[in-house]
Amino acid sequence: MKNGMQKLLLVTVIGAFALGGCASTMQYGDAGSAKPISTEFGSSDLQQIAEAMVDSMIIFPPMVELTSARRPVVSVDKVKNKTMQHIDTESITDSIRTKLIRSGKFRFIDRTTDDQTIEELKTQQDSGLVDKKTAVQFGQQIGAEFLLTSNFSEIRQKVGSTTDVYYKFTMSLKNLKTGILEWSDEKEIRKVFTRGTFGG
Amino acid sequence: MMRQKHNFVAGGIAAAALVALMGLAGCSTTAGVETTGKTSWDEQGARILEKNVVFNSSSLKGDLQIVDLRGVQAGDIMRAQATLRSRDKDTLQFQYRFDWYDAGGLEINSGAGSWKPLLLTGRETKTVQGVAPDPRAKEFKLKIREME
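Note that the structure is predicted; figures quoted are calculated from it, not measured.

The rules we used
Residues numbered from 1 in each chain as written. Chains lettered and ligands numbered in written order. Predicted model: local features only at pLDDT ≥ 70, side-chain atom pairs only at ≥ 80, totals over all residues. Heavy atoms only, no water. Helix = DSSP H or I, 4+ residues; strand = E, 2+ residues; numbered from the N terminus. Areas by Shrake-Rupley, 256 points an atom, 1.4 Å probe, with all protein chains shown as cover. Pairing = 2+ DSSP bridges. Axes fitted to C-alpha atoms, helices over the stretch in contact; angles between N-to-C directions. Core = buried A, V, L, I, M, F, W, Y, C linked by side-chain atoms within 4.5 Å. Buried < 20%, exposed > 50% of the residue type's maximum accessible area, 1.4 Å probe, protein only. Expected span 1.5 Å × (residues − 1). Arc of directions from axis to C-beta. Contact = heavy atoms within 4.5 Å. Phe/Tyr/Trp six-rings, centres within 6.5 Å; stacked < 30°, edge-to-face > 60°. Lys NZ or Arg CZ within 6 Å of the ring centre and 35° of its normal. pLDDT = per-residue confidence, 0-100.

### Describing the overall build of chain A
- Helix and strand content of chain A: 5 helices and 5 strands.
- Taken from the N to the C terminus, the helices and strands of chain A come in the order α-α-α-β-α-β-α-β-β-β.
- Just so you have it, chain A exposes about 12800 Å², and 56% of that area is on carbon and sulfur atoms.

Written out as structure tokens, the structure reads:
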């Protein structure tokens, strides 16, 4: 009995040393790593969604045709977050917008900076500081031809020590003039977490 | 008493070995597979894809086989596809990414790509696809590594 206790103690001590060798380190990580840490929405999930949406959109044949001669102007709508998590969904649409701009296929208007734009234009018009010839006039902006809309949902199941989370991100490109959805796609992600015997 | 001590030492060594093994497995880094496809044109002007596969991990070489590699154009955007086959009977977890290079061999959006998870069930064949970030891309590199 005593022998058993001693062994247990030894294993614990060595275990603590071994763990100590791996724990408590500080280092830069890979910003693009796909290693999941929890079933919560993570950085890799965001990157996977953004890449999947952009890849699908720029190779969709009608989009290839549409963007071959011109770069349509698109506006991005807020994501309808139907998950139970608080997620910075603007970060997802920001990634998607950035990739689409960098593809050279689309141009975007940004409604989130309108207040600053109005303030700047007012200053240019009214402050008397700016040369009237170079001051930007109101009512010159280009209206968006398309609206990028998205839905984000989650189905969470928990049985015993297993947590299974299914995410679905759906995105559509709506023609604002005709109301037709010109493109749509969805990205599914499934994350399964099984709690180990030692709580790992 | 003597026997007890012997048991104690043996148990200790076994435990130490086990923990050390776990420790190594937990902190080890793994190399991966790199495979490249490059678009070029032959004398008749037909598009050809030069292929190249480099395994710099012997364990991955045993686990994974690259069956097919191809690149096509969607408009002016290059698309790539690789067909992978698992040689293992168990489910394997990998991560992969496509890197893109322009005609001069310079990487586009260097370091910006993200790894994507890849789940291969026993002996399964699966394709992975990548789309170039912009029309400059003429060459791609597919990297595969174990899930850390």
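Don't stop here, the text continues.
### Side note on the sheet that holds strand E1 (residues 73-81) of chain A
Residue and element names in this part refer to chain A.
- Strand order in this open sheet of 5 strands is E2-E1-E3-E4-E5, and the pairing throughout is mixed. The open sheet has two edge strands with one neighbour each: strand E2 (107-109) and strand E5 (181-194). In this sheet, neighbouring strand axes are inclined to one another by 25° on average, regardless of whether the strands run parallel or antiparallel.
- Across 6 bridges, the pairing between E1 and strand E3 (residues 146-159) is parallel.

### A look at the nonpolar core
- Membership of the largest hydrophobic core comes to 54 residues, with the highest contact counts inside it found for Ile96 and Leu148 of chain A.
- With 8 residues, the top contributor of residues to this core is helix H2 (residues 43-59) of chain A.

### Here's the deal with helix H4 (residues 89-103) of chain A
Residue and element names in this part refer to chain A.
- Taking 1.5 Å per residue, 15 residues should reach 21 Å; H4 reaches 21 Å between its end C-alpha atoms and fits that length.
- Listing the buried residues of H4 in full gives Thr89, Ile92, Thr93, Ile96, Arg97, Leu100 and Ser103. Along the long axis of H4, the arc covered by the buried residues comes to 130°, so they all point the same way.
- Elements that come into contact with the buried residues of H4 comprise H2, E1, E2, E3 and strand E4 (162-175).
- Backbone geometry just after H4 places Gly104 at a positive phi near 80°.

### Notes on the environment of Tyr101 of chain B
Residue and element names in this part refer to chain B.
- Residue position: Tyr101 is located in strand E5 (residues 92-102).
- Distance from Tyr101 to Ala132, taken between C-alpha atoms, is 9.0 Å for residues 31 residues apart in sequence.
- Discounting chain neighbours no more than four positions away, the residues touching Tyr101 are Leu106, Glu107, Ile108, Arg136, Ala137, Lys138, Glu139 and Lys141.

### Side note on the packing of aromatic side chains
- This model, assessed by the stated rule, comprises 8 aromatic pairs over all chains.
- Summarising the aromatic geometry, the rings of Tyr96 of chain B and Phe98 of chain B are spaced 6.1 Å apart at their centres and angled 90° between planes, so their arrangement reads as edge-to-face. Exposure class is identical for Tyr96 of chain B and Phe98 of chain B. Each is buried.
- Plain terms: the ring middles of Trp100 of chain B and Phe140 of chain B are 5.7 Å apart, the flat faces sit at 50° to each other, and that makes the pair tilted. Of this pair, Trp100 of chain B sits in strand E5 while Phe140 of chain B sits in strand E8 (residues 137-146), and the two are 40 residues apart along the sequence.
- Of the residues examined, Trp100 of chain B reaches a relative accessible area of 5% and is grouped as buried.
- Taken together, the ring pairs connect Phe41, Phe152, Tyr167 and Phe169 of chain A into an aromatic cluster.
- Arg145 of chain B extends its terminal NZ or CZ atom over the ring of Trp115 of chain B, reaching a point 3.9 Å from the ring centre.

### Notes on the sheet that holds strand E3 (residues 64-74) of chain B
Residue and element names in this part refer to chain B.
- The 3 strands are arranged E3-E4-E7 in an open sheet whose pairing can be described as antiparallel. Each edge of the open sheet carries a strand with a single partner, namely E3 and strand E7 (125-131). Going across the sheet, the axis of each strand differs from the next one's by a mean of 20°, ignoring polarity.
- Bridge count for E3 against strand E4 (residues 77-86) is 10 bridges, and the pairing is antiparallel. By the bridge assignment, Arg70 is partnered in E4 with Gln81.

### Quick look at the confidence of the model for chain A
- Here chain A averages 90 in pLDDT, and 88% of its residues register 70 or above.
- Mean pLDDT in chain A bottoms out at helix H1 (residues 2-22) of chain A, which sits at 59, and peaks at E4 of chain A, which reaches 97.

### Some details on the environment of Ser172 of chain A
Residues and elements named next belong to chain A.
- Residue position: Ser172 is located in strand E4.
- For Ser172, a relative accessible area of 11% translates into the label buried.
- Taking the C-alpha atoms as reference points, Ser172 and Asp185, 13 residues apart in sequence, are found 6.7 Å from one another.
- If we skip the residues at most four places from it in the chain, Ser172 touches Leu147, Leu148, Thr149, Leu181, Trp183 and Ser184.

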